[in-house]
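Chain and residue survey
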Amino acid sequence: MRRLTVPISDEEIRDLKVGDTVHLNGIIVTGRDAAHKFMIEHFIRNEAKPDEVELRDELKRLFDGGVVYHCGPVVKQHEDGSWSFVAAGPTTSIREEVYQPEVIEYFNLKGVIGKGGMGGNTLKACHNQPAVYFHAIGGAASLIAQSVKEVVTVHKLEFGVPEAMWVIRVEDFPVVVTMDSHGASIHDQIEAASKKKLAELLA
Amino acid sequence: MHDLRQLDLTEYFTELIRRAATNLPADMEDSLKRAKVNEAKGSAAEGALNTILLNVNMAREHSTPICQDTGTPIFEVHHPFGVSTLKLAEQIRKAAAAATASSYLRPNAVDSLTGKNSGDNSGEDFPTMHFHEWDQDTIHVDLLLKGGGCENVSTQYKLPDSGLKAGRDLEGVRRVVLDAVHQAQGRGCGPAVLGVAIGGDRGSSYLKSKQQLFRKLEDSNENPELAALEETIYEQANQMGIGPMGFGGNTTVLGVKIGAQHRLPASYFVSIAYMCWANRRASMDVTFNDGKMSEVSYA
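In this report, we go over the structure that sits alongside the text.

About the thresholds
- Residues numbered from 1 in each chain as written.
- Chains lettered and ligands numbered in written order.
- Predicted model: local features only at pLDDT ≥ 70, side-chain atom pairs only at ≥ 80, totals over all residues.
- Heavy atoms only, no water.
- Helix = DSSP H or I, 4+ residues; strand = E, 2+ residues; numbered from the N terminus.
- Rg over C-alpha atoms; globule rule 2.2 N^0.38 Å.
- Buried < 20%, exposed > 50% of the residue type's maximum accessible area, 1.4 Å probe, protein only.
- Contact = heavy atoms within 4.5 Å.
- Areas by Shrake-Rupley, 256 points an atom, 1.4 Å probe, with all protein chains shown as cover.
- Buried area = accessible area lost by both parts, 1.4 Å probe.
- Salt bridge = Lys/Arg side-chain N within 4 Å of Asp/Glu carboxyl O.
- Polar contact = N/O pair within 3.5 Å; in protein donor to acceptor, adjacent residues only side chain to side chain.
- Nonpolar A, V, L, I, M, F, W, Y, C, P; charged D, E, K, R; others polar.
- Disulfide = S-S within 2.5 Å.
- Core = buried A, V, L, I, M, F, W, Y, C linked by side-chain atoms within 4.5 Å.
- Domains from an automatic or database assignment.
- Pairing = 2+ DSSP bridges.
- Axes fitted to C-alpha atoms, helices over the stretch in contact; angles between N-to-C directions.

**So, the overall build of chain B**
Helix and strand counts for chain B come out as eight helices and nine strands. In summary, chain B has a C-alpha radius of gyration of 20 Å against a globular reference of 19 Å for 299 residues, a match within 12%. Projected onto the principal axes, the alpha-carbon positions of chain B cover approximately 55 × 50 × 45 Å. Considering chain B as a whole, with its 299 residues, one finds that 57% of them fall into the buried category. A separation threshold of at least 6 residues defines the contact pool for chain B, and within that pool the share at least 24 residues apart is 78%. Total accessible area computed for chain B in this model is approximately 12,800 Å², and 49% of it derives from carbon and sulfur atoms.

**Some remarks on the interface of chain A and chain B**
Contact residues are listed per partner, giving 37 residues for chain A and 39 residues for chain B. Contact with chain B buries surface across chain A, with Ile137(A), Leu201(A) and Leu202(A) losing the most and accounting together for 18% of the total. The tally of links from chain A across to chain B stands at zero salt bridges. Applying the counting rule to chain A against chain B returns 19 residue pairs in polar contact (both at pLDDT 80 or more). Secondary-structure elements contributing two or more residues to the side of chain A that touches chain B are β4 (74-77), β5 (83-87), α6 (141-147), β9 (165-179) and α7 (186-201) of chain A. When residues in the side of chain A that touches chain B are grouped by element, the largest group, eight residues, is from α7(A). Looking at the side of chain A that touches chain B residue by residue, the classes come out as 19 nonpolar, eleven polar and seven charged.

**Notes on the state of the cysteines**
The bond known as a disulfide is covalent and runs between the sulfur atoms of two cysteines. Considering all chains together, one arrives at zero disulfides over all chains under this definition. Not engaged in a disulfide, the cysteine Cys126(A) finds its nearest cysteine sulfur in Cys71(A); these two sulfurs lie 19 Å apart. Residue classification places Cys126(A) among the buried positions, given a relative accessible area of 1%. The structure places no disulfide on Cys150(B), whose sulfur is separated from the nearest cysteine sulfur, that of Cys276(B), by 4.2 Å. The class of Cys150(B) is buried, set by a relative accessible area of 3%.

**Considering the nonpolar core**
Of all hydrophobic cores here, the largest spans 95 residues; its most connected members are Ile113(A), Phe134(A), Phe173(A), Leu194(B) and Trp277(B). Built from parts of two domains, this core gets at least three residues from each of domain 1 (4-23 + 66-147 + 280-298) and domain 2 (149-275) of chain B. If we skip the residues at most four places from it in the chain, Phe134(A) touches Leu4(A), Leu16(A), Val22(A), Leu24(A), Gly111(A), Val112(A), Ile113(A), Gly114(A), Val175(A), Val176(A) and Val177(A). Within the second largest apolar cluster, 29 residues are counted, among which are Phe75(B), Val77(B), Met284(B) and Phe288(B).

**As for the sheet that holds strand β1 (residues 72-79) of chain B**
All names here are of chain B. Strand order in the open sheet made by the five strands is β2-β1-β3-β8-β9, with mixed pairing throughout. Two strands in the sheet have a free side with no partner beyond their single neighbour: β2 (128-133) and β9 (292-298). Within the sheet, the average angular offset between the axes of one strand and its neighbour, ignoring direction, is 15°. Pairing of strand β3 (residues 139-146) with strand β8 (residues 280-289) involves seven bridges; the strand directions are antiparallel. When the bridges of β8 are listed, His 140 appears paired with Asp 285. Relative to β2, helix α4 (residues 85-101) is tilted by about 150°, and along the sheet it contacts β1 and β2. Strand contacts of helix α7 (residues 202-211): β1, β2 and β3, with the helix running at about 85° to β1, the strand carrying the most contacts.

Here it is as structure tokens:
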């Protein structure tokens, strides 16, 4: 098990191999379907509108060497207006496959946290950037919420609580590297091996 | 006679939701514990199951959701003659809003046309509710919280399926269910419980497959042929080695539950309700004495 703190360097990323267990620390940002579509349409493929430049630059700062987390949390707002995470497991990542490579490249992301793995285009982007895919344990929402020590702020709350971009500080967030920057993917390996076994069972 | 039309179960429905969201049923937890011992020491599969079990304990202790995707709440309500299902439905909707305000449920109902989240789990046909009148003098409510990740890998086959060489018989059913497990890989947050329905039309078949998920893991099928098929698919699915979260390993499914229903001569559907390890079901019984509600118990 190793500990990594955001911002993560290229050397630290290249050092990671599939199967490695990592505890992540520092500031990360949640983003799922609406956030990815928004970043692509408003920042990456088009020029940011004047009233959105500030958010774009803030995300550039947070994501440079940073990590995006595919997560739609359950949050609680306190009387003083501050927030805390109640339940915060990963959501299925493959829905972001059409957006992820461009987002990795544009922001210089070093990691994507989610579940279920991603496809060939993201694997290629992980190789080029370099970056890795961190697999969190799906459904382990109460446990992961405990590693979220602070909700720094929230962007795009108008997308709804699950789809908003929550800026959070995490301590020892447990993940497993399942896609590395050297082209290896546990998901591809298991897919192929289980396909072979299925063929035997259906012979 | 009881005046059951005046009954107000709102606060009990809210408690039922809290229990389902935060307290994994004992049969599921025991099964996950056995699975952990069955994985190689130090493997990613063992690590995943360890994290899952820690999380289950933490959720119960803190009364927080096991999983942040608190899913589609599915209520199956059995009630005696004289109960107003219109009122019970209203109370269930109120309870869902109250449970959302208390962070037991995530706001999970999104308008499909505008994309707007209703914020309190209210919406068109949301939550899902089915009412069944029965001849007993009690109310029994089953609740399942079914998350979106596993719902997305749930699927339906129309037999015969030439690609899978699946005919209209139980061997055909075996073939398509194993294919569904392979297709799902780790995306449905396994180890899974598979609810399978044979027959019906497309709609009733999907519903029947979900209703299988209310069965306890140790519950064996009354029909010996289906009981044998449940056992076979359970063993063979686990031979595929997909493992917890798709990390590889010995535990791909924790249980297989199959139901059958009549079908049209022209149709033979097999539906697979893939349920994540967080198989969040809870039930509630309401008994009456002399016209008054006497006891509410949960399981």
